[in-house]
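Report on the structure
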Amino acid sequence: MAWSRRQGGAETTVVRAGYSLIGLTSVLRALWFLIPNSVFLPSYVPVAYIAFDPDHPSWVGAFISELLLSAGSLSLFSIFILILVYWADILKKYFYPGARRTKPMITFLTLVAVLVLIEILNASFFLAKMYSSEGMILVNAILLASVAIVCVCEITIFSHRFRTVLKTLGAINQVSTESQVKRIVWITGTGNLFFFTRAFLE
């Protein structure tokens, strides 16, 4: 009974975190699309701005624009990372029942913290004039493309294992798990399409 309460509490925490991330992503993306690009930059033509350049004060707009875009992308990616971390925890319970399991939210927060730290370092290097705004954009693109490729691999592997577990449990309990399997396939297809597209675009 105590284990069930803990499991239910963990699921509630994950669901709340997921909805919070969806809301945060919506706000950041809305700001990105609603604020005209002319507010940040004088032209749509890409320019390599250097931080604190007195001849090009638009570097501030370019910096804020990239931060807003990166924050929205990280928030969006975090939704799928949360799903993957939670799937990994459930699968570990079935495939390695005796193994010690880390709390999913701790793992999730650690991964997100690493990504946020990389973004902070990237912004700091730009402000330190180690590279231009184009360099900052390139680092963000490489980071997001790398995360997308990793997520494609993980979500495919976890999806296959999850379907195996569901079918096995269904056979043992003599109940239909077809709807759950279809839901897993839908999530996998949506996630892979998103990450393939992002990796290609980046």
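Residues numbered from 1 in each chain as written. Predicted model: local features only at pLDDT ≥ 70, side-chain atom pairs only at ≥ 80, totals over all residues. Heavy atoms only, no water.

Turning our attention to a nonpolar patch on the surface. Judged by side-chain polarity, L117, L121, F125 and M130 come together as a nonpolar surface patch covering roughly 380 Å² of accessible area. Within the secondary structure layout, M130 lies in the loop between α4 (104-127) and α5 (133-173). Classification of M130 by relative accessible area gives exposed; the value is 56%. (Patch = residues over 30% accessible without salt bridge, like charges linked within 9 Å, V, L, I, M, F, W, Y side chains within 5 Å. Areas by Shrake-Rupley, 256 points an atom, 1.4 Å probe, with all protein chains shown as cover. Salt bridge = Lys/Arg side-chain N within 4 Å of Asp/Glu carboxyl O. Helix = DSSP H or I, 4+ residues; strand = E, 2+ residues; numbered from the N terminus. Buried < 20%, exposed > 50% of the residue type's maximum accessible area, 1.4 Å probe, protein only.)

Looking now at the packing of α4 against α5. It is the contact of α4 with α5, at a shortest axis distance of 9 Å, that shows an interaxial angle of 165 degrees. Considering the angle they form, α4 stands roughly antiparallel to α5. The handedness of the crossing between α4 and α5 comes out as right-handed. Across the interface between the two elements, L115, I118, E119, N122, A123 and F126 of α4 pack against S133, M136, V139, N140, L143 and V147 of α5. In terms of residue class, the contact of α4 with α5 is built from eight nonpolar, three polar and one charged. (Axes fitted to C-alpha atoms, helices over the stretch in contact; angles between N-to-C directions. Parallel < 35°, antiparallel > 145°, perpendicular 65-115°, else oblique. Left-handed = near helix turned anticlockwise from the far one by under 90°. Contact = heavy atoms within 4.5 Å. Nonpolar A, V, L, I, M, F, W, Y, C, P; charged D, E, K, R; others polar.)

This paragraph deals with the packing of helix α3 (residues 59-95) against α5. It is at 9 Å that the axes of α3 and α5 come closest, and there the two elements cross at 25 degrees. One way to sum up the angle between α3 and α5 is to call them roughly parallel. By crossing handedness, the relation of α3 to α5 is classed as left-handed. Here the residues of the contact of α3 with α5 sort into 22 nonpolar, four polar and three charged.

Moving on, we get to the pattern of salt bridges. A full pass over the atoms with the stated rule returns one salt bridge. Note that K182 and E178 form a salt bridge whose closest N and O atoms lie 3.3 Å from each other. On the criterion of helical spacing, the pair formed by K182 and E178 is a turn pair, its members being four residues apart in helix α6 (residues 178-201). With a relative accessible area of 52%, K182 lands in the exposed category.

It is worth spelling out the nonpolar core at this point. With 34 residues, the main nonpolar core has F77, I81, L82, F108, V147, F162 and F195 as its most contacted residues. Contributing elements (two or more residues each) for this core: α1 (2-34), α3, α4, α5 and α6. Ranked by the residues each element gives to this core, the list is headed by α3, at twelve residues. (Core = buried A, V, L, I, M, F, W, Y, C linked by side-chain atoms within 4.5 Å.)

So, about unusual backbone geometry. Excluding glycine, residues mostly carry a negative phi; peptide bonds, for their part, are mostly trans. For F52, which is not glycine, the phi dihedral falls at a positive 65 degrees. Residue F52 is classed as partly exposed on the basis of its relative accessible area, which comes to 48%. You will see that K129, though not glycine, has its phi angle at about 65 degrees, which is positive. Of note, K129 is situated in the loop between α4 and α5.

Our focus in this paragraph is the packing of aromatic side chains. Counted by the stated rule, this structure contains seven aromatic pairs. Between W59 and F126, the ring centres sit 6.2 Å apart and the planes meet at 55 degrees, which makes this aromatic pair tilted. Pair noted here: W59 is in helix α3 and F126 is in helix α4, with a separation of 67 residues, a long-range link. Here W59 and F126 have matching classes, each one buried. The structure contains a cluster of three or more aromatic residues connected by ring pairs, namely F52, W59, F63 and F126. (Phe/Tyr/Trp six-rings, centres within 6.5 Å; stacked < 30°, edge-to-face > 60°.)

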